[in-house]
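A closer look at the structure
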Amino acid sequence: MRSPPIPEMATQEVQLSETLAHLKTESDTLKGKLEEERAKLHDVELHQVAEKVEGLGQFVMKTRRTLKGHGNKVLCMDWCKDKRRIVSSSQDGKVIVWDAFTTNKEHAVTMPCTWVMACAYAPSGCAVACGGLDNKCSVYPLSLDKNENLAAKKKSVAMHTNYLSACSFTNSDMQILTSSGDGTCALWDVESGQLLQSFHGHAADVLCLDLAPSETGNTFVSGGCDKKANVWDMRSGQCIQSFETHESDINNSSEADREVAIYSKESIIFGVSSVDFSLSGRLLFGGYNDYTINVWDVLKGTRVSILFGHENRVSTLRVSPDGTAFCTGSWDHTLRTWA
Amino acid sequence: MTINTLAKGGWHRDQMACFRKMEKVIVAMQDPDMGMKMRNQRLLITVIPHAMTGRDVINWLMQKYNMCEEEALHLGGMLVRYGYIYPLKEPRSLVLRADESPYPIYLAKKNIRKQGELMEYEKERYSVLHKRINHTWDFVVMQAREQLRASKQRRKADRIVLECQEQAYWLINRPPVSHFVCVCVCVCTFCLCLQIEFCRRALGRNRVKSSICLEGFVKYSEQYLSHDPIMQGCLPSNPWISDDTAHWTMNTEVVPIPSRLRVERWSFSFMELLNDAMGRREFMTYLEKEFSAENLCFWQACEDIRHGENSRIVEKVEEVYKNFLAPGAARWVNIDSKTMDKTLKGIQHPHRFVMDDAQMHIYFLMKKDSFPRYLKSDLYKNMLAKAIVPQEVKKSVFPFMRRQRHSSPSPAQAVAQASEEEGRA
């Protein structure tokens, strides 16, 4: 495909190019100003502030439970508020609800698509949401009747134009937040399936999201393939802040408006697929593509421990609601709880 | 499937980072001063240069990156798996072993593909490389053939993934020259406009110094340290380690006597108090004594509107107006006139966020006034004094005596029972 040879279109081209050049200059100037302002406030590094903090001692964490039952790669998992149940989804289209403490399977649903990349537990513990290559997010109420087919009561809530990468209930069972390969995030009313708000701004697939707890309770963060992490206002749909990531394994963001710390080690070569903080925020757990979990001291910036156990890539990692353990899902078809 | 749908810049760059880092390690290995000691290894009638033993690799990794043997074995294994190190004796098995079998280093760049699959620009580069490293070309060819044969024995899925990774890597690192279309100018314009808008807004925003914000984070993490079970354990024991669920039983949503840590946590912030069902209940009791309980009731009703179903918003807003905002309402809340006017106007076209301003006003009123007084009150102090500090229970000394893991009722069951009872009544 080459530039069109027709004269009228050529003039249009020139005009467009000029506008583009002008806009680019303006954008660059503003970006420069913003960088200047940010630099003025960056008066100290995290490890300087954390100098007085005591270092951490030896760390012993082990696999405490192994959940076997998925027939293919585990892609996502989420904890129930009761601190022991979890929901997990897999490449083979199955979504399973487990009591991770006893390792019993309590419910199982077969989705009509494969690659169920997202799943979430409802705050009440009475439903789960999941989706993936079907471009949808569906909610399944959890029935205790052994004979009832869970798929029968399924409710289709979200519809995107590309795969569903993540989903999360907000404060109640009534609203779901989704992110998609179509580059957008969206907020939905579960009961009616109505789109309440959509969030545009990512230049590529959005891969993950997380709710940000605050007194005004209205924001969330999303991360995308465009190497950006965006903070959104749920009410207006606007992007409040944007963080650009570099080649770091993990990027930590805060109100300081810029990257605060990079957690990396020369010997860690493979990318991290999922992260979560311990309850106090002192530890950061990362599930890596080389099958390991690295535990970081967030304040000192050092690696505290490396955990082995999975036999393939760790695809998902979440700390339990009361912080007593964290759970990982892996391409080796299993989930593990660590404490 | 993942490769196709995630085939934009981001995913490739993630893979590129791995390969670049692995190459860094390999380059470091070849450093004349700090690198590995290599030698020539005779294999049948060929002499292989740049050979070293598996044991040497592991020792070198342990020393250079200050890691334990387990991790060095793991990392070394990855280098072999991705073909940066190649086993001489057993070319079919891509496993690093810490014994005396020698391994040569070769970068796993496949210069040889099936006949005719090379693109034009790739063919050009192939011949250039051939000329440049002619003296070791035979060995390169042998290596490539061995790798192809080894890859045939992998699972098809793994093979395809690795082939795509390689292809992607080279498309990025040695891209063909391509022609671009002017149509994308329009898209660029749109994106730039968004960026400019964003920058303008960002410049207008209030900003906080790094030191203030970071110190806040350090303080937060210190305050919550004793509440972090992974950092400091939990009492009586961590259920996942001891198989005893006492910790969870003692900390369910509503208990006769809460634990000390839990009551202490209510004092950390107003949000912590409100997020805990028991804390909220205690606070309500306190407010009733102060004759300002309507504030908390109003706040809860607003939360219900914000997070509830779309279909019930109108009816809920009506209720809130009737109970809390209408002149002469039974539980009238004290809001400043400006906010009240704005809210009353908004109610005429009710929506999910119509109560936000009023709710915020009442929230901060409680936070600044009632909450600090509650923490100083006898009600709170007594609660703290009564609170339980459980005894620590160590894991059973006899490893073979495993506790029975009790199941718990599913949350879904509790709700089902409740609705059943309602149905009967």
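Residues numbered from 1 in each chain as written. Chains lettered and ligands numbered in written order. Predicted model: local features only at pLDDT ≥ 70, side-chain atom pairs only at ≥ 80, totals over all residues. Heavy atoms only, no water.

Contacts between the two partners involve 113 residues from chain A, matched on the other side by 103 residues from chain B. Between chain A and chain B, the buried area comes to about 9,500 Å², and carbon and sulfur atoms account for 64% of it. Our count for the contact surface shared by chain A and chain B stands at 4 salt bridges. Where A:Arg65 meets B:Asp243, a salt bridge forms, and the shortest distance between an N and an O atom there is 3.0 Å. (Contact = heavy atoms within 4.5 Å. Buried area = accessible area lost by both parts, 1.4 Å probe. Salt bridge = Lys/Arg side-chain N within 4 Å of Asp/Glu carboxyl O.)

Residue and element names in this part refer to chain A. UniProt tags residues 67–108, 157–198, 199–242, 272–306 and 307–339 as "repeat: WD" (unreviewed entry). Taken end to end, residues 67–108 has its terminal C-alpha atoms 14 Å apart, with 0% of it in helix and 60% in strand. Structurally, residues 272–306 is divided into 0% helix and 63% strand, and its ends, taken at the C-alpha atoms, are 13 Å apart. (UniProt positions renumbered as here; feature names shortened; annotations may be inferred. Helix = DSSP H or I, 4+ residues; strand = E, 2+ residues; numbered from the N terminus.)

To continue, consider empty space enclosed by the protein. Per the counting criterion, the structure on display carries 6 cavities of 30 Å³ or more. Of the voids in this model, the second largest cavity is the one considered here, and its volume is about 100 Å³. If you trace the second largest cavity, you find 11 residues lining it, with A:Gln175, A:Asn218, A:Met234, B:His307 and B:Phe353 closest to the centre. When the residues that make up the lining of the second largest cavity are grouped by side-chain class, the tally is 3 nonpolar, 6 polar and 2 charged. (1 Å grid on protein atoms, 1.4 Å probe; cavity = no way out; pocket = protein on both sides within 12 Å on 5 of 7 lines; lining within 4 Å. Points joined across faces, edges and corners; volume = space filled by probe spheres on them. Nonpolar A, V, L, I, M, F, W, Y, C, P; charged D, E, K, R; others polar.)

The next point concerns helix H3 (residues 54–65) of chain B. Since there are 3.6 residues in each turn of an α-helix, residues three or four apart along the chain are aligned in direction. Residue and element names in this part refer to chain B. In this model, H3 (12 residues) spans 17 Å end to end at C-alpha, consistent with the 16 Å of a helix rising 1.5 Å per residue. Listed as buried for H3 are Gly54, Val57, Ile58, Trp60, Leu61 and Tyr65. Angular distribution of buried residues about the axis of H3 spans 165 degrees; they occupy a single face of the element. Following H3 by one or two positions, Asn66 has its phi on the positive side, about 55 degrees. (Expected span 1.5 Å × (residues − 1). Buried < 20%, exposed > 50% of the residue type's maximum accessible area, 1.4 Å probe, protein only. Arc of directions from axis to C-beta.)

We now examine unusual backbone geometry. A cis amide bond links B:Leu235 to the next residue, B:Pro236, at an omega of -10 degrees. Examined against the element boundaries, B:Pro236 turns out to sit in the loop between helix H10 (229–232) and helix H11 (239–242). Notably, A:Thr103 is not glycine yet its phi reads approximately 65 degrees, a positive angle. A:Thr103 gets classed as partly exposed once you look at its relative accessible area, which sits at 27%. Although it is not a glycine, A:His333 adopts a positive phi angle of roughly 80 degrees. By secondary structure assignment, the location of A:His333 is in the loop between strand S23 (326–330) and strand S24 (334–338).

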